[in-house]
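The primary structure of each chain is shown beneath.
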Amino acid sequence: MSEAIVSLRNVDKRYVRGKQSVEVLKGLSLDIAKGEFVALMGPSGSGKTTLLNLIGGLDTATAGEITVAGQRLDKLGSGALARWRARHVGFVFQFYNLMPMLTAQRNVELPLLLTNLTGSQRKANALAALTLVGIADRAKHKPNELSGGQAQRVAIARALVADPTLLVCDEPTGDLDRKSADEVLHLLQILNREHGKTIVMVTHDPKAAEFASRQLHMDKGALLEAATLAA
Amino acid sequence: MKYFPLLWATLWRKKTRTIFTLLSMIVAFLLFGILETVDYAFAHPSGGATGADKLITTNKYSITLALPFSYTQQIRSVPGVAEVTWISWFGAYYQESKNFIFALPVDTGTYFNLHKDEFIVSAEHMQAYRNTRTGALVSSKLMKKFGWKVGDKVPLHSTIWTQKKDGSLDWIFDIVGTFDAKDPTQASQQAQTLLFHYDLFDEGRSFGKGTVGWFEERVDDPTQSAATSSKIDALFANSSNETKTQPAKEFALAFIKQLGDIGFVLRAILGAVFFTLLFLTGNTMMQSVRERIPELAVLKTIGFGDGIVLGLVIGESLLLCLIAAAIGLGLSFLALPIIRLGLQGVELSPTALIPGFGAAVLLALIVGTPPALRAMRLNIVDALADKR
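Residues numbered from 1 in each chain as written. Chains lettered and ligands numbered in written order. Predicted model: local features only at pLDDT ≥ 70, side-chain atom pairs only at ≥ 80, totals over all residues.

**Q** Could you clarify how one ought to interpret the overall build of chain A in this entry?
**A** Counting its secondary structure elements, chain A contains seven helices and 10 strands. Its C-alpha atoms give chain A a radius of gyration of 17 Å, near enough to 17 Å, the size a compact globule of 231 residues would have. Over its C-alpha atoms, taken along the principal directions, chain A stretches across nearly 45 × 40 × 40 Å. Split into buried and exposed, the 231 residues of chain A put 50% on the buried side. Long-range contacts, defined here as pairs at least 24 residues apart, represent 69% of the contacts in chain A between residues at least 6 apart. (Helix = DSSP H or I, 4+ residues; strand = E, 2+ residues; numbered from the N terminus. Rg over C-alpha atoms; globule rule 2.2 N^0.38 Å. Buried ≥ 20, exposed ≤ 12 C-beta atoms within 10 Å, placed from the backbone. Contact = placed C-beta atoms within 7 Å.)

Listed below in structure tokens is the structure:
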């Protein structure tokens, strides 16, 4: 395995809700190599999304070490973590989470607002990202004028536009029909294979998981097995 | 500036709500601008140059208390006083009490000398006025209002002065001419004015003979107005009729203020307007942020820091308030000429609108900060949990 871009060591995650403490992850250790496309599978409540949140720097572990792209995330404060996310992680959500009042191009430009690029550079980069995902002709359309598949492509373009180290996808095909889902998964595969993007994807769909290069199964906060699939 | 398109788009996310909120705020800022302008005018009576060389001398204790006519010569002897005239409040209306007439008994020679170059009166009308004891010179606007013509006899009902001959309150005047004011500001102030002979008034009234309501002076050097005022008042200090001399503008305002504490009333209304704006805008902002929790969470997810999110929400609030303030205050600026017509004797300045923008910024900060803090403290995982 090449160098690990994601490394978790003995990670615990507990949520406290009122007087109740719920242990979601227990002593979890995991390495993901640069350039891997990993599918995280498991039943609801198994801790997949929590693990994804920890890897993406959206949440902090209760115990253990998390290193992503060479950075110990458990050592960063919220401001530094936000800057780190902007630089290293692109997020894709099940329901796309595009800004409804912005055009596709403006949505894709959002992460670039955090850079020093000029307006014209931001626009050019956003159009390049939209072209990469095959939806440049919809640049001026708003999310409500796009199909689910198209909206998810825009969301992927937004995740890619700042050239992140890692793509984190939470059920990216959960709201799509089979055909659109396959197109999106194929796109993710291309990004992984041809552009070398490391992708961690949570999915319930075994067919979606087949597009990944490795499948990880979780249950009750622990990894059950890891199967590396032949490319 | 790079965040402006995002702010602008966010503002118009719910077009109908934004339009109605803006309309409400525009009306509030329009009212704010008008009241602020009037309040400013009352608070800064000597702001303009008009009438800077005019002084008014009244009874020290009340304008309703008369002064002896004999003061005229003493005032005239004060160095710096170029002319003195005397006037009394006639308190008249035409036919019905709602038809108020600003009827003033004036001494023709001294009054028109003091106000030289302020009136436009034809030589023919002025001569007719001088020659007619019961003659009246009437503002052309007032003539038009009541459909009067030169040559008409008009009865005016005084609310104060009974006539010596029969005890009647009704005085009859012959309209012998019309006048207009050269200065447009003065024109609006003179719109209700009718001038008639002081001699007729003094000899015809059943009481108060030999007294005047107030004196009006023109000074040689307006910069010495305060010193001249002091000298006039010093002449009558410790007499049975002490005087109070002040710039004409302040006198006009004091006259209007007899209606009540105008400043307090205006500030109370301004306070109510501002308070209403607080609730209106605050509610809109809270609702707007509440609806956008998932969107704000997405912004934070892709790397927008707490400070940027805080700034975006406050920026949105500022944008909303400043747009409303610009339009509302702009409309109140356009309304100034109309307000001038209704507020004779008060000079309105657009400068008074500037605090309106300050109020808009203050309002934006007050209503924007609570939702901005909420957005800043948003827990990404919890906020996304509802909609991933």
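**Q** What am I meant to see in the overall build of chain B here?
**A** Tallying secondary structure elements over chain B gives 16 helices and 13 strands in all. A globule of 388 residues ought to have a C-alpha radius of gyration of about 21 Å, yet chain B, at 29 Å, is considerably larger. Principal axes of the C-alpha set define a box for chain B whose edges measure 95 × 45 × 35 Å. Within chain B, buried positions represent 36% of all 388 residues. Of the contacts made within chain B by residues no fewer than 6 positions apart, 82% connect residues no fewer than 24 positions apart.

**Q** Help me out: how do you make sense of the environment of Leu 7 of chain B in this one?
**A** All names here are of chain B. Considering the arrangement of structural elements, one finds Leu 7 in helix α1 (residues 4-11). Between the C-alpha atoms of Leu 7 and Ser 62, which are 55 residues apart in sequence, the distance is 58 Å. Sequence-distant contacts of Leu 7, defined by excluding residues within four places in its chain, comprise Leu 312, Gly 315, Glu 316 and Leu 319.

**Q** Please clarify how the pairing of strand β9 (residues 170-181) of chain B should be interpreted in this entry.
**A** Regular strands place their side chains on alternate faces of the sheet. Residues and elements named next belong to chain B. As judged from the two bridges shared by strand β6 (residues 119-120) and β9, these two strands associate in the antiparallel manner. Within the sheet, the bridge partner assigned to Ile 120 lies in β9 and is Asp 180. Here strand β7 (residues 135-139) runs beside β9; their pairing, made up of five bridges, is parallel. Each bridged residue has a counterpart across the sheet, and for Leu 137 the counterpart in β9 is Gly 177. Sheet topology places strand β8 (residues 153-158) next to β9; five bridges connect them, and they run antiparallel. Paired with His 157 across the two strands is Asp 170, which belongs to β9. (Pairing = 2+ DSSP bridges.)

**Q** What exactly am I supposed to notice about the environment of Gly 79 of chain A here?
**A** Its place among the elements puts Gly 79 of chain A in helix α2 (residues 78-88). Gly 79 of chain A gets classed as exposed once you count the C-beta atoms within 10 Å, which come to 11. Once residues within four sequence positions are removed from consideration, Gly 79 of chain A is found in contact with Gly 305 and Asp 306 of chain B.

**Q** How do you make sense of the packing of helix α13 (residues 306-334) of chain B against helix α15 (residues 354-376) of chain B when you look at a structure like this?
**A** Helix packing geometry: the angle between the two helix axes and the distance between the axes. All names here are of chain B. Between α13 and α15, whose axes approach to 8 Å, the crossing angle comes to 150°. By the angle between their directions, the pair α13 and α15 is classed as roughly antiparallel. When you trace α13 past α15, the crossing you get is right-handed. Class assignment for the residues of the contact of α13 with α15 results in 21 nonpolar, four polar and one charged. (Axes fitted to C-alpha atoms, helices over the stretch in contact; angles between N-to-C directions. Parallel < 35°, antiparallel > 145°, perpendicular 65-115°, else oblique. Left-handed = near helix turned anticlockwise from the far one by under 90°. Nonpolar A, V, L, I, M, F, W, Y, C, P; charged D, E, K, R; others polar.)

**Q** Would you mind showing me how to read the nonpolar core here?
**A** Most often, soluble globular proteins have nonpolar side chains that are buried together. In this structure, Val 38, Leu 40 and Val 200 of chain A are the most contacted members of the largest nonpolar core, which totals 119 residues. Counting residues per element, this core draws most heavily on helix α2 (residues 15-43) of chain B, at 10 residues. If we ignore the near neighbours within four places in the chain, the residues touching Leu 40 of chain A are Lys 48, Leu 51, Leu 52, Val 200, Met 201, Val 202, Leu 216 and Met 218 of chain A. In terms of nonpolar packing, the next biggest core, distinct from the first, is built from 39 residues, Ala 92, Ile 101, Leu 156 and Phe 236 of chain B among them. (Core = buried A, V, L, I, M, F, W, Y, C linked by C-beta atoms within 7 Å.)

**Q** I tried to follow the interface of chain A and chain B on my own but got confused; where do I start?
**A** Every contact between the two is made by 24 residues of chain A and, on the other side, 21 residues of chain B. Here the side of chain A that touches chain B takes six residues from α2 of chain A, the largest share from any one element. Along the lines of polarity and charge, the residues of the side of chain A that touches chain B split into 13 nonpolar, six polar and five charged.

**Q** Explain the confidence of the model for chain A here, please?
**A** Parts of the model with low pLDDT should not have their predicted coordinates read in detail. All names here are of chain A. Here chain A averages 90 in pLDDT, while 96% of its residues score no lower than 70. Model confidence for chain A, summarised as mean pLDDT per element, is weakest for strand β10 (residues 222-228) at 65 and strongest for helix α3 (residues 104-109) at 96. Long-range and interchain partners of residues 226-231, a stretch whose pLDDT sits below 50, account for nine contacts in this model, where long-range means more than four residues apart. (pLDDT = per-residue confidence, 0-100.)

**Q** What am I meant to see in α1 of chain B here?
**A** Since the α-helix turns once every 3.6 residues, residues separated by three or four places project in the same direction. All names here are of chain B. Turning to α1, its buried residues number three or more, namely Leu 6, Thr 10 and Leu 11. Across the axial projection of α1, the buried residues extend over an arc of 130°, all falling on one side. Exposed and oriented more than 90 degrees from the buried face of α1 are Phe 4 and Trp 8. (Arc of directions from axis to C-beta.)

**Q** What should I look at first to understand the sheet that holds strand β4 (residues 63-68) of chain A in this one?
**A** Strand pairing in a sheet relies on backbone hydrogen bonds. The paired strands run either parallel or antiparallel. Residues and elements named next belong to chain A. One open sheet holds the four strands; their spatial order is β2-β1-β4-β5, and the pairing between them is antiparallel. For this open sheet the edge positions go to β2 (20-33) and β5 (71-72), each flanked by a neighbour on one side alone. Sheet analysis places β4 next to β5, joined by two bridges and oriented antiparallel. Bridge pairing links Val 68 to Gln 71 in β5.

**Q** Before we go on, may I ask you to explain unusual backbone geometry in this structure?
**A** Only a minority of non-glycine residues have a phi that is not negative, and only a minority of peptide bonds are not trans. A positive phi angle, near 50°, is found at Ala 69 of chain A, a position not held by glycine. The topology assignment puts Ala 69 of chain A in the loop between β4 and β5. One non-glycine residue with positive phi stands out, namely Gln 95 of chain B, at about 65°. Structurally, the position occupied by Gln 95 of chain B is in the loop between β4 (92-93) and β5 (100-106).

**Q** Even after reading the chapter, I still don't get the confidence of the model for chain B, so can you show me in this structure?
**A** Residues at a pLDDT of 70 or more form 91% of chain B, whose mean pLDDT is 87. Among the scores for the predicted complex, ipTM is 0.90 and pTM is 0.71.

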